[in-house]
Amino acid sequence: MDDVAFSNRFLRQSEIANPKNFKHPIFILGLGSIGSAGAIALAKMGTPRGMTFVDYDTFEDHNIPNQLCLEKAHKGMSKVEAISSLCQEMGNIGPIQSIKRKLLGSTLVDITTAHELPLREFLRGIVISTPDSMEARKDLWKSCLFNPQVERVIDVRVAGMGQYIE
């Protein structure tokens with residue numbers, strides 16, 4: 001995208017978050033209402049370093065009211081596949097990695113096969129925490145705490161932050 005197109009498209013946002021300055025990839029755990037909307041917004045702005053999405057859930061009818069980006073046509077798709085495909089349509093983004101797994105401790109587990117992957121291998125750059133359980137938030141926080149590959153952790157939960165520190 002050239003400078004003129006960028007300035008017209010993201011004039012208001014560029015003072016807050018200018019994709020030209022993005023130096024880190026984005027990692028999003030949880031693609032519910034907040035995680036999926038955040039992923040789409042970032043993809044629209046441009047994420048040249050790429051994004052990684054982690055969620056084990058499938059998009060179903062009960063998700064339609066809460067997820068602004070997905071609709072009935074996405075029913076039955078995994079959330080990571082549906083959001084990945086929408087983000088790729090935005091263009092101006094780096095590689096997207098979709099991981100359909102659940103975070104348990106410091107491991108990403110395929111809930112149908114029990115195959116495990118270490119979370120630490122995927123944590124990079126800006127980590128956005130939007131899972132639907134406090135246990136998963138705590139596990140992610142602990143995995144990020146002393147990880148030199150993680151630049152920042154953003155957690156959308158504003159209450160109960162003291163629960164992360166033991």
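So, a few notes on the structure that sits alongside this text. (Residues numbered from 1 in each chain as written. Predicted model: local features only at pLDDT ≥ 70, side-chain atom pairs only at ≥ 80, totals over all residues. Heavy atoms only, no water.)

1. Some thoughts on the layout of surface pockets
So, step 1. Taken as a whole, the largest pocket encloses approximately 350 Å³ of empty space.
So, step 2. The wall of the largest pocket is formed by 24 residues, among which Gly30, Asp55, Thr130, Pro131 and Asp132 lie closest to the centre.
So, step 3. Where the lining of the largest pocket is concerned, the elements lending two or more residues are helix 2 (33-45), strand 4 (102-104) and helix 4 (134-145).
So, step 4. Here the lining of the largest pocket takes three residues from helix 2, the largest share from any one element.
So, step 5. In this structure, the second largest pocket encloses a volume near 260 Å³.
So, step 6. Around the second largest pocket, the lining is made up of 17 residues, and of these Ile26, Leu42, Ile126, Ile128 and Ile154 lie nearest the centre.
So, step 7. The set of elements that each furnish at least two residues to the lining of the second largest pocket consists of strand 1 (26-29), helix 2 and strand 7 (125-129).
So, step 8. With six residues, helix 2 is the largest single contributor of residues to the lining of the second largest pocket.
So, step 9. Here the lining of the second largest pocket is composed, by residue class, of 12 nonpolar, four polar and one charged. (1 Å grid on protein atoms, 1.4 Å probe; cavity = no way out; pocket = protein on both sides within 12 Å on 5 of 7 lines; lining within 4 Å. Points joined across faces, edges and corners; volume = space filled by probe spheres on them. Helix = DSSP H or I, 4+ residues; strand = E, 2+ residues; numbered from the N terminus. Nonpolar A, V, L, I, M, F, W, Y, C, P; charged D, E, K, R; others polar.)

2. A word on the sheet that holds strand 4
So, step 1. The strand order across the open sheet formed by three strands is 4-5-6, and the pairing between neighbours is antiparallel. This sheet does not close on itself; its edge strands, each paired only once, are strand 4 and strand 6 (116-118). With strand direction ignored, the average angle separating the axes of adjacent strands in the sheet is 35°.
So, step 2. For strand 4 and strand 5 (residues 107-109), the ladder comprises three bridges, and the chain directions are antiparallel. The partner of Leu103 across the bridge, within strand 5, is Leu108. (Pairing = 2+ DSSP bridges. Axes fitted to C-alpha atoms, helices over the stretch in contact; angles between N-to-C directions.)

3. Quick notes on the packing of helix 2 against helix 3 (residues 79-90)
So, step 1. Where helix 2 meets helix 3, the closest approach of the two axes is 8 Å, and the angle between their N-to-C directions is 20°. Between helix 2 and helix 3, the crossing angle belongs to the class labelled roughly parallel. For the crossing formed where helix 2 meets helix 3, the hand is right-handed. Where helix 2 approaches helix 3, its residues Ser36, Ala39, Ile40, Ala43 and Lys44 are matched on the opposing element by Ile83, Leu86, Cys87 and Met90.
So, step 2. Residues of the contact of helix 2 with helix 3, tallied by class, amount to seven nonpolar, one polar and one charged. (Parallel < 35°, antiparallel > 145°, perpendicular 65-115°, else oblique. Left-handed = near helix turned anticlockwise from the far one by under 90°. Contact = heavy atoms within 4.5 Å.)

4. So, the nonpolar core
So, step 1. One finds Ile26, Ile28, Met51, Phe53, Ile83 and Cys87 to be the most contacted residues of the largest nonpolar core, which totals 22 residues.
So, step 2. Mapped onto this core, the elements with two or more residues apiece are strand 1, helix 2, strand 2 (51-54), helix 3 and strand 7.
So, step 3. With five residues, the single largest contributor to this core is helix 3.
So, step 4. With sequence-adjacent residues up to four places away left out, Ile83 is seen in contact with Leu31, Ser36, Ala39, Ile40, Phe53 and Leu70.
So, step 5. Membership of the second largest hydrophobic core comes to 13 residues, among which are Val54, Leu123, Val127 and Val150. (Core = buried A, V, L, I, M, F, W, Y, C linked by side-chain atoms within 4.5 Å. Buried < 20%, exposed > 50% of the residue type's maximum accessible area, 1.4 Å probe, protein only.)

5. Brief notes about helix 4
Three- or four-residue spacings in an α-helix give side chains the same orientation, since the helix completes a turn every 3.6 residues.
So, step 1. In this model helix 4 runs 16 Å from its N-terminal to its C-terminal C-alpha over 12 residues, within 8% of the 16 Å that 1.5 Å per residue would give.
So, step 2. Within the span of helix 4, buried status applies to Ala136, Arg137, Asp139, Leu140, Ser143 and Cys144. Looking down the long axis of helix 4, one finds its buried residues gathered within 165° of arc, a one-sided arrangement.
So, step 3. Looking at the buried side of helix 4, the elements it contacts are strand 1, strand 4, strand 7 and strand 8 (150-155). (Expected span 1.5 Å × (residues − 1). Arc of directions from axis to C-beta.)

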